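Below, each chain spelled out in residue letters.
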Amino acid sequence: MTLLPLISDALILGPAIWACSYLLRSRWYEREAHRLEQTGADAQSIQLKREEARYFQDFARVMPNWMLGALTLGLALRAILIARGFLAA
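The notes below deal with the structure included here. (Residues numbered from 1 in each chain as written. Predicted model: local features only at pLDDT ≥ 70, side-chain atom pairs only at ≥ 80, totals over all residues. Heavy atoms only, no water.)

**Brief notes about helix α3 (residues 65-88)**
Reasoning step 1: Its 24 residues give α3 an end-to-end C-alpha distance of 34 Å, which sits within 8% of 34 Å, the value for a rise of 1.5 Å per residue.
Reasoning step 2: Inspection of α3 places Met67, Ala70, Gly74, Leu77 and Leu81 among the buried residues, and these make up the whole buried set.
Reasoning step 3: Of the surrounding elements, those touching the buried residues of α3 are α1 (3-39). (Helix = DSSP H or I, 4+ residues; strand = E, 2+ residues; numbered from the N terminus. Expected span 1.5 Å × (residues − 1). Buried < 20%, exposed > 50% of the residue type's maximum accessible area, 1.4 Å probe, protein only. Contact = heavy atoms within 4.5 Å.)

**As for the nonpolar core**
Side chains of a nonpolar character, in soluble globular proteins, are inclined to be buried together.
Reasoning step 1: Counting residues in each nonpolar core, the largest one holds seven residues, listed as Trp18, Ala19, Tyr22, Phe56, Ala60, Met63 and Met67.
Reasoning step 2: Tallying contributions element by element places α1 first for this core, with three residues.
Reasoning step 3: Setting aside anything within four residues of it in sequence, one finds Phe56 in contact with Tyr22, Arg25, Ser26 and Tyr29. (Core = buried A, V, L, I, M, F, W, Y, C linked by side-chain atoms within 4.5 Å.)

**Focus: the side chain of Gln57**
Reasoning step 1: Along the chain, the position of Gln57 falls in helix α2 (residues 43-61).
Reasoning step 2: A distance of 3.2 Å separates the side chain of Gln57 from the side chain of Ser26, its partner in a polar contact.
Reasoning step 3: Not counting the four nearest positions on each side in its chain, Gln57 is found in contact with Ser26 and Glu30. (Polar contact = N/O pair within 3.5 Å; in protein donor to acceptor, adjacent residues only side chain to side chain.)

**A few points about the pattern of salt bridges**
Reasoning step 1: Counted according to the given criterion, the structure contains six salt bridges.
Reasoning step 2: A salt bridge links Arg35 to Glu32, with the nearest nitrogen and oxygen atoms 2.5 Å apart. Here Glu32 and Arg35 lie together in helix α1, a separation of three residues that amounts to about one turn.
Reasoning step 3: For Arg35, a relative accessible area of 43% translates into the label partly exposed. (Salt bridge = Lys/Arg side-chain N within 4 Å of Asp/Glu carboxyl O.)

**Details of the packing of α1 against α3**
Reasoning step 1: At a minimum axis distance of 8 Å, the contact between α1 and α3 shows a crossing angle of 140°. The pairing of α1 with α3 is recorded here as oblique in orientation. For the pair α1 and α3, the crossing hand works out as left-handed. Along the contact surface, α1 presents Leu4, Pro5, Ile7, Ser8, Asp9, Leu11, Ile12, Pro15 and Trp18, while α3 presents Met67, Ala70, Leu71, Leu73, Gly74, Leu75, Leu77, Arg78, Leu81 and Arg84.
Reasoning step 2: For the contact of α1 with α3, a count of residues per class yields 14 nonpolar, two polar and three charged. (Axes fitted to C-alpha atoms, helices over the stretch in contact; angles between N-to-C directions. Parallel < 35°, antiparallel > 145°, perpendicular 65-115°, else oblique. Left-handed = near helix turned anticlockwise from the far one by under 90°. Nonpolar A, V, L, I, M, F, W, Y, C, P; charged D, E, K, R; others polar.)

**What about the packing of aromatic side chains?**
Reasoning step 1: Applying the stated criterion to the full structure yields seven aromatic pairs.
Reasoning step 2: Judged by centre distance (5.2 Å) and plane angle (70°), the rings of Tyr55 and Phe56 are edge-to-face.
Reasoning step 3: In textbook terms, an aromatic cluster arises when at least three aromatic residues are bridged by ring pairs, as seen for Trp18, Tyr22, Tyr29, Tyr55, Phe56 and Phe59.
Reasoning step 4: Over the ring of Tyr22 we find Arg25, and its NZ or CZ is 4.4 Å from the ring centre. (Phe/Tyr/Trp six-rings, centres within 6.5 Å; stacked < 30°, edge-to-face > 60°. Lys NZ or Arg CZ within 6 Å of the ring centre and 35° of its normal.)

Encoded structure:
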């Protein structure tokens, strides 16, 4: 019975970590673009960094179907565990 909560947590945390990693990369490129702008770099380099930041933001928003399925399954398992906890009390 202790394995089910761990599986549920893994299924929920996996997609969350995936999305956060892309958002962090996006923020990294935004900061890099800002740094380039402050140092007077050429406009093409700054634009490239901003486009890379937008790419990672978009990628973080669009989750693959298998990852959405894992997240849904993890949330369903967590809901079952919560319901069991309420019924047992």
